[in-house]
Amino acid sequence: AQSVSQHNHHVILSEAASLELGCNYSYGGTVNLFWYVQYPGQHLQLLLKYFSGDPLVKGIKGFEAEFIKSKFSFNLRKPSVQWSDTAEYFCAVSSNQAGTALIFGKGTTLSVSS
Amino acid sequence: DAGITQSPRHKVTETGTPVTLRCHQTENHRYMYWYRQDPGHGLRLIHYSYGVKDTDKGEVSDGYSVSRSKTEDFLLTLESATSSQTSVYFCAIRTEYNSPLHFGNGTRLTVT
């Protein structure tokens with residue numbers, strides 16, 4: 001069965017600090033990988049996705065993620081965080097079969113102080 | 001905006017009562033999903049649907065049933081609500097067979 005592990009439960013940073021959130025998944029086949037963000041009181045929004053090709057994926061709001069197949073990892077990065085990045089971040093995985101559901105990690109809460 | 005509407009947005013109900021949550025989409029997408037979100041657990045899949053009358057269970061399906069009699073509606077029913085089902089419920093769709101999920105705004109359910 002697929003599973004996703006997010007290493008950090010709560011990350012606290014100052015503005016302009018660099019961010020890296022860890023994500024590891026467990027699945028033996030071809031996967032699709034996602035990062036979602038949830039701002040307080042809102043639903044999940046897609047930050048970026050990886051299906052195939054270049055393992056370095058760029059998303060919205062300056063976020064990027066790197067797929068390392070040998071490590072089953074898909075870590076999220078941002079060079080310089082802003083106060084508005086305060087949110088909860090979820091990593092998710094699905095197989096590449098049609099319509100399969102996403103399996104989510106438990107999430108990482110990011111708090112950015114100004 | 002993927003045209004997803006969840007209703008109701010908030011509901012308080014008593015233990016033992018049946019509850020139905022509705023997810024409505026406007027664009028006739030094939031794949032629909034119900035998740036629940038709880039602190040410390042992230043999002044967990046309850047049920048999903050590949051099309052009309054074609055549904056399957058997720059990892060936390062006990063105590064829940066679903067129906068999809070029309071492409072646009074995916075109903076989640078708690079036959080006899082329990083306090084452990086207090087949660088935020090999100091409906092999601094996939095616009096293409098392998099696209100990211102698009103989420104509705106959620107339903108906050110409290111079972112007293």
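Values in this document were obtained by computation on a predicted structure and should not be read as measured data.

**Student:** Explanation requested: the overall build of chain A in the structure shown.
**Tutor:** Counting secondary structure elements, chain A contains 0 helices and 12 strands. For chain A, the sequential pattern of α-helices and β-strands runs β-β-β-β-β-β-β-β-β-β-β-β. Over its C-alpha atoms chain A spans a radius of gyration of 14 Å, differing by no more than 12% from the 13 Å that the globule rule assigns to 114 residues. Projected onto its principal axes, the C-alpha coordinates of chain A cover approximately 40 × 30 × 20 Å. For chain A, restricting intrachain contacts to residue pairs at least 6 apart in sequence, the fraction spanning at least 24 positions comes to 54%. Split by element, the accessible area of chain A, about 5300 Å² in all, is 51% carbon and sulfur.

**Student:** Looking at this model, I keep getting lost on the packing of aromatic side chains. Mind explaining?
**Tutor:** Describing an aromatic ring pair means giving the distance of the ring centres and the angle of the ring planes. Residue and element names in this part refer to chain A. All told, the structure shown has 17 aromatic pairs over all chains when counted by the stated rule. With a centroid separation of 5.6 Å and 45 degrees between ring planes, the pair formed by F63 and Y89 is classed as tilted. With F63 in the loop between β7 (56-58) and β8 (64-68) and Y89 in strand β10 (residues 87-95), the pair connects residues that are 26 residues apart, well separated along the chain. Taken individually, F63 and Y89 each receive the classification buried, so the pair is uniform in this respect.

**Student:** Teacher, can you tell me more about the state of the cysteines here?
**Tutor:** A covalent bond bridging the sulfur atoms of two cysteines is what the word disulfide describes. Residues and elements named next belong to chain A. Tallied over the full model, the rule gives 2 disulfides over all chains. Put simply, C23 and C91 are joined by a disulfide, and their sulfur atoms are 1.9 Å apart. Between C23 and C91, the disulfide has an S-S torsion of -65 degrees and is therefore left-handed. Of this pair, C23 sits in strand β4 (residues 23-26) while C91 sits in strand β10, and the two are 68 residues apart along the sequence. Here C23 matches C91 in class, with each residue buried.

**Student:** Before we go on, may I ask you to explain the side chain of S87 of chain B in this structure?
**Tutor:** Residues and elements named next belong to chain B. Considering the arrangement of structural elements, one finds S87 in strand β9 (residues 87-94). From its side chain, S87 meets the backbone oxygen of Q37 in a polar contact 3.0 Å long. Here S87 is in contact with R36, Q37, D38, T107, R108 and L109, once residues within four sequence places are set aside.

**Student:** Got a minute to help me understand the pattern of salt bridges in this structure?
**Tutor:** In the structure shown here, the tally under the stated rule is 8 salt bridges over all chains. Where R77 of chain A meets E66 of chain A, a salt bridge forms, and the shortest distance between an N and an O atom there is 3.2 Å. With R77 of chain A in strand β9 (residues 73-78) and E66 of chain A in strand β8, this residue pair connects regions lying 11 residues apart in the sequence. Among the ionic pairs, R36 of chain B bridges to D38 of chain B, the shortest N-O distance being 2.8 Å. Judged by its relative accessible area of 8%, R36 of chain B falls in the buried class. Note on D38 of chain B: relative accessible area 9%, which makes it buried. In this structure, a network of salt bridges that share partners links the residues K58, E64, E66 and R77 of chain A.

**Student:** Which parts of the structure should I look at to understand the pairing of strand β5 (residues 31-38) of chain A?
**Tutor:** It is a general feature of regular strands that their side chains alternate between the two faces of the sheet. Residue and element names in this part refer to chain A. Within β5, 8 of the 8 residues are buried, leaving the element largely enclosed by the surrounding structure. Along β5, one buried face is formed by V31, L33, W35 and V37 and the opposite face, lined by N32, F34, Y36 and Q38, is buried too. Two strands pair when backbone bridges link them, and β5 and β10 are joined in this way by 8 bridges, in the antiparallel orientation. From the neighbouring strand, Q38 faces β10, where its bridge partner is E88. Across 5 bridges, the pairing between β5 and strand β6 (residues 45-50) is antiparallel. By the bridge assignment, L33 is partnered in β6 with Y50. Hairpin connection from β5 to β6: 6 residues lie between these consecutive antiparallel strands, with G41 at a positive phi of about 80 degrees.

Definitions and cut-offs
Residues numbered from 1 in each chain as written. Chains lettered and ligands numbered in written order. Predicted model: local features only at pLDDT ≥ 70, side-chain atom pairs only at ≥ 80, totals over all residues. Heavy atoms only, no water. Helix = DSSP H or I, 4+ residues; strand = E, 2+ residues; numbered from the N terminus. Rg over C-alpha atoms; globule rule 2.2 N^0.38 Å. Contact = heavy atoms within 4.5 Å. Areas by Shrake-Rupley, 256 points an atom, 1.4 Å probe, with all protein chains shown as cover. Phe/Tyr/Trp six-rings, centres within 6.5 Å; stacked < 30°, edge-to-face > 60°. Buried < 20%, exposed > 50% of the residue type's maximum accessible area, 1.4 Å probe, protein only. Disulfide = S-S within 2.5 Å. Polar contact = N/O pair within 3.5 Å; in protein donor to acceptor, adjacent residues only side chain to side chain. Salt bridge = Lys/Arg side-chain N within 4 Å of Asp/Glu carboxyl O. Pairing = 2+ DSSP bridges.

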